[in-house]
Amino acid sequence: MPFAPCYLLLLGCTCVMSTYGPHQRAQMTGDILLGGLFPIHFGVASKDQDLAARPESTQCVRFNFRGFRWLQTMIFAIEEINNSSTLLPNITLGYRIFDTCNTVSKALEATLSFVAQNKIDSLNLDEFCNCTDHIPSTIAVVGAAGSAVSTAVANLLGLFYIPQISYASSSRLLSNKNQYKSFMRTIPSDEYQATAMAEVIEYFQWNWVIAVASDDDYGRPSIEKFEKEMEERDICIHLNELISQYMEDHEIQALADRIENSSAKVIVVFASGPDMEPLIKEMVRRNITNRIWIASEAWASSSLIAKPEYLDVVAGAVGFALKAGHIPELKEFLQQVQPKKDGHNEFVREFWEETFNCYLKDRPRRQESDNGSTSFRPLCTGEEDITSVETPYLDYTHLRISYNVYVAVYAIAQALQNILTCTPGHGLFANNSCADIKKMEAWQVLKQLRHLKYTNSAGGKMNFDEKFDLGANYTIINWHRSAEDGSVVFEEVGYYNVYSKRGGKLVIDKTKILWNGFSLEVPFSNCSEECEPGTRKGIIDSMPTCCFECSECSDGEYSNHKDASICIKCPNNSWSSGNHTSCFLKEIEFLSWTEPFGIALAICAVLGVVLTAFVMGVFVKFRNTPIVKATNRELSYMLLFSLICCFSSSLIFIGRPHDWMCRLRQPAFGVSFVLCISCILVKTNRVLLVFEAKIPTSFHRKWWGLNLQFLLVFLFTFVQVMICVVWLYNAPPSSYMNHDIDEIIFITCNEGSEMALAFLIGYTCLLAAICFFFAFKSRKLPENFTEAKFITFSMLIFFIVWISFIPAYFSTYGKFVSAVEVIAILASSFGMLACIFFNKVYIILFKSSRNTIEEVRCSTAAHAFKVAAKATLKQGTVSRKKSGSSGGSSASSPSSSVSLKTNGDGGETPSGRKKPRVSFGSGTVMLSLSFEESRRGSLM
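Draft legend 1. Inspection of the overall build of the chain at higher detail. The helix and strand tally for the chain stands at 23 helices and 33 strands. Buried positions account for 49% of the 940 residues belonging to the chain. For the chain, restricting intrachain contacts to residue pairs at least 6 apart in sequence, the fraction spanning at least 24 positions comes to 70%. Of the roughly 46200 Å² of accessible surface on the chain, 55% is carried by carbon and sulfur atoms.

As structure tokens, then:
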């Protein structure tokens, strides 16, 4: 047969399969075989393979008692299942367990034995070989421990769809089911642990930490996730380092230098115990004790680090440990181990020798220590009392990884039970078929595990999630020093619930934590000292955001807690206190009736009203006297009334502004002043027109009667009223609180439209300017006892006041705006009252001799004489110019005569001709003008 050589080769391979794989193992046959991968040793001896000869297999060193306990837990679970009458009855589970030595190479060497056996069994060579020591295919593997090891193993087992359930590999990369198709685990992913660690950092308000991770598939993804979580919380990582148990001494020393020189006191570590050990040793050698360690679950309870001689450095460490479980009767099983009884477990003999520091028969006596020296152990009997020594193997008070191993074995057994009890038509395979328990393959077990849901012996519901992980929570532990023997005690101080809502996941009892092994005060690990209330954190150039300087809050801002990132702006009605830690209500100010300034202005306004009323009373009492009549008493009454309104309008500017006050005060002021100035303008213009008329006629008397005067006053005032109406309709003023001034709120009026206010004042000033022009032009008239001069002065005062008002109005603020306007109103009102009326009142009350008709007539006659003289001189000058131009004309010498008749009805000249009369009030003045021309004789 052409294929005979191949069959013979395969036959030989099958017959020697019992010895395939690492030599040292724990193995027991059964109907169904489970594989196991455990770190019985912490590492391998480093040797320089120069390839001068065939490379030798590396030797595993440093026995791992906890790893051996995990192995024993798997054996215990399998024996418990085999002894069960309900779970897999009549089916015996076997196992093949290998030591990974915590390295990828050893793990792959063991995994190849699982894969090779399954591949050969798939060829169905039983008819060619009937070997008595044939081992069944491995239908599932429990392990490995480290994530880096599990990653390599998962890649290989995934090729053949052999289910792998890890009990301690938490790398989040292993959740990628596209790459690791058959990987499952009973430990939560580091996706949650990195978040939990970041929350612990935030909980203790640290912002300056050192991050250390294993340089493998466990440490690198974990530290990457941790960095993202820290960025979201604005926490800075000062150093980010990778470590390995195989680092050179100078590399470890350089790392220790950086840690020692760093100002960060908190060190977050994602690494296994073997990787951490070199660094811890260097820290112990340097006696660096003022650091706080945050440990991931990979070393939070590691027996390599949790040693009394390391406690000076690691005491007070806060670690994340898996939630402990209870395994009944495991304690008794672990204590029953003996080299003579456990022949199927080749690791027991080494465990015994390491435990009692002796050697068994047929075992080498020689031992090589870590420092390279050689020592010799005494002989063991193999019957020593295991309970008489303290070893991590018997530390079953907190079963964490051991419990995960126990759960993994039971999950596989439950999946096999579901296959065993499957009813055709309700299976998970094609056409709802079921797998045959006697001929099943690994991929069928994997399918069943993915859909596994069951209740364990403790009543808990067990199932794998969509990433094939078993959900779990973390217990937070604190490393204490035992008062009895100085050993490490793991004190539970809190927990982290993965499935709780954000904000309620982390629970810590700070009173149970001993920092550095003795202190209850939370250590300080921040780049900068915390900022006190009243300050904020300021950025320092070229430094991380966690490094800052404390800057005092600006005026109007405050911070009421430490380390405030920003200062909070006080509300509009408040202002910051002197130390900027709080806000107080601003003082509300306005031109009040109760303050001295407001009282003074109010007194001045009332005084103005009283004086104006007094003047009006005088004018009413002496209304038939010549002075009162000569001043056009009707217009004078209206003028005095308008002045009372002007003084009264200033009172509206005092007191707390309300909307109605703001809408009333400017129109009241504007209308009052326009009414006042209109009266003055009409009266001044009337006198000017009458006196400038050479021969007053009935036309002047008709059109300048009282009706027309009042009509003009009404028209002038009506224009101002319309300006106010348009203003109030389009942009009505309103009261508002001015918050622009520190510590004070000024309640003022928002005028609504500055343009409308400008029109109001501008129109008033325009009338005042016209009035000033007429008054100035008629300043030399005798009427009203030189009243025109005083009107000129009053208008001049008005202009000075209101021209000064404009810059003062726009340069002041708050209550002083109202005060400036009140002062302007009062000053201009007092100016007009004093200039126009006080002289007349003085004459009426104290100089009654001047308040007669004769005084008025004399004054008028004198003015008429001046006018006539000026007219005569003007005509004579014109005549002389004309005669001089004709050459022979005679010059005329003008002469004039003025006759005054006081009590006659008319006036006649000596020649009997009528003289023109001008009526002024009750008297009649006759002017007689004559010109005589003297002939000039001829010079010829």
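Draft legend 2. A look at the side chain of D99. When you line up the elements, D99 lands in strand 5 (residues 93-99). Of the side chains bearing the opposite charge, K106 lies closest to the buried D99, which forms no salt bridge; the N-O distance is 7.9 Å. Of note is the side chain of D99, whose polar atom sits 2.8 Å from the backbone nitrogen of I40. Engagement of the side chain of D99 in a polar contact is seen with the backbone nitrogen of C101, the distance being 2.8 Å. Among residues more than four places away in sequence, those in contact with D99 are F38, P39, I40, H41, C60, K106 and F347.

Draft legend 3. Representation of the nonpolar core. In this structure, F38, M74, I201, F226, I294 and L416 are the most contacted members of the largest nonpolar core, which totals 108 residues. Among the elements that make up this core, the one with the highest residue count is helix 12 (residues 401-420) (14 residues). Not counting the four nearest positions on each side in its chain, F226 is found in contact with A194, M197, A198, I201, A211, I237, V268 and F270. F673, I680, F805 and A819 belong to the second largest nonpolar core, which has 62 residues in total.

Draft legend 4. Main features of the pairing of strand 28 (residues 734-738). As defined by bridge partners, strand 28 adjoins strand 29 (residues 744-750) across 5 bridges and the pair is classed as antiparallel. Bridged to M737 within strand 29 is I747.

Draft legend 5. Seen up close, the packing of helix 2 (residues 65-82) against helix 12. Following both chains from N to C, one finds helix 2 and helix 12 inclined at 30 degrees, their axes separated by 9 Å at the closest point. Comparing their axes, helix 12 and helix 2 come out roughly parallel. The handedness of the crossing between helix 2 and helix 12 is right-handed. For the pair helix 2 and helix 12, contact is made by R66, R69, W70, T73, M74, F76, A77, I78, E80 and I81 and by I401, S402, V405, Y406, V409, Y410 and A413, respectively.

Draft legend 6. Seen up close, the pairing of strand 12 (residues 292-295). Burial along strand 12 is two-sided: I292 and I294 and W293 and A295, pointing in opposite directions, are all buried. Bridge count for strand 11 (residues 266-270) against strand 12 is 4 bridges, and the pairing is parallel. Its bridge partner being in strand 12, V266 is matched across the sheet by I292. Read from strand 11 through helix 8 (residues 273-286) to strand 12, the crossover connection turns out right-handed. Strand direction decides the pairing type here: strand 12 and strand 13 (residues 318-322), joined by 2 bridges, are parallel. From the neighbouring strand, I294 faces strand 13, where its bridge partner is V318.

Draft legend 7. Expanded view of the state of the cysteines. Tallied over the full model, the rule gives 9 disulfides. Sulfur-sulfur distance for the disulfide between C527 and C547 comes to 1.7 Å. Classification of the bridge connecting C527 and C547 rests on its S-S torsion, roughly 95 degrees, and on that basis the disulfide is right-handed. Here C527 is found in the loop between strand 20 (506-508) and strand 21 (535-539), whereas its partner C547 is found in the loop between strand 21 and strand 22 (548-552), with 20 residues between them in sequence. What pairs with C662 in a disulfide is C749, and their sulfur atoms sit 1.8 Å apart.

About the cut-offs
Residues numbered from 1 in each chain as written. Predicted model: local features only at pLDDT ≥ 70, side-chain atom pairs only at ≥ 80, totals over all residues. Heavy atoms only, no water. Helix = DSSP H or I, 4+ residues; strand = E, 2+ residues; numbered from the N terminus. Buried < 20%, exposed > 50% of the residue type's maximum accessible area, 1.4 Å probe, protein only. Contact = heavy atoms within 4.5 Å. Areas by Shrake-Rupley, 256 points an atom, 1.4 Å probe, with all protein chains shown as cover. Lys, Arg positive; Asp, Glu negative; His and termini not counted. Salt bridge = Lys/Arg side-chain N within 4 Å of Asp/Glu carboxyl O. Polar contact = N/O pair within 3.5 Å; in protein donor to acceptor, adjacent residues only side chain to side chain. Core = buried A, V, L, I, M, F, W, Y, C linked by side-chain atoms within 4.5 Å. Pairing = 2+ DSSP bridges. Axes fitted to C-alpha atoms, helices over the stretch in contact; angles between N-to-C directions. Parallel < 35°, antiparallel > 145°, perpendicular 65-115°, else oblique. Left-handed = near helix turned anticlockwise from the far one by under 90°. Right-handed = clockwise from strand over helix to strand, strands pointing away. Disulfide = S-S within 2.5 Å.

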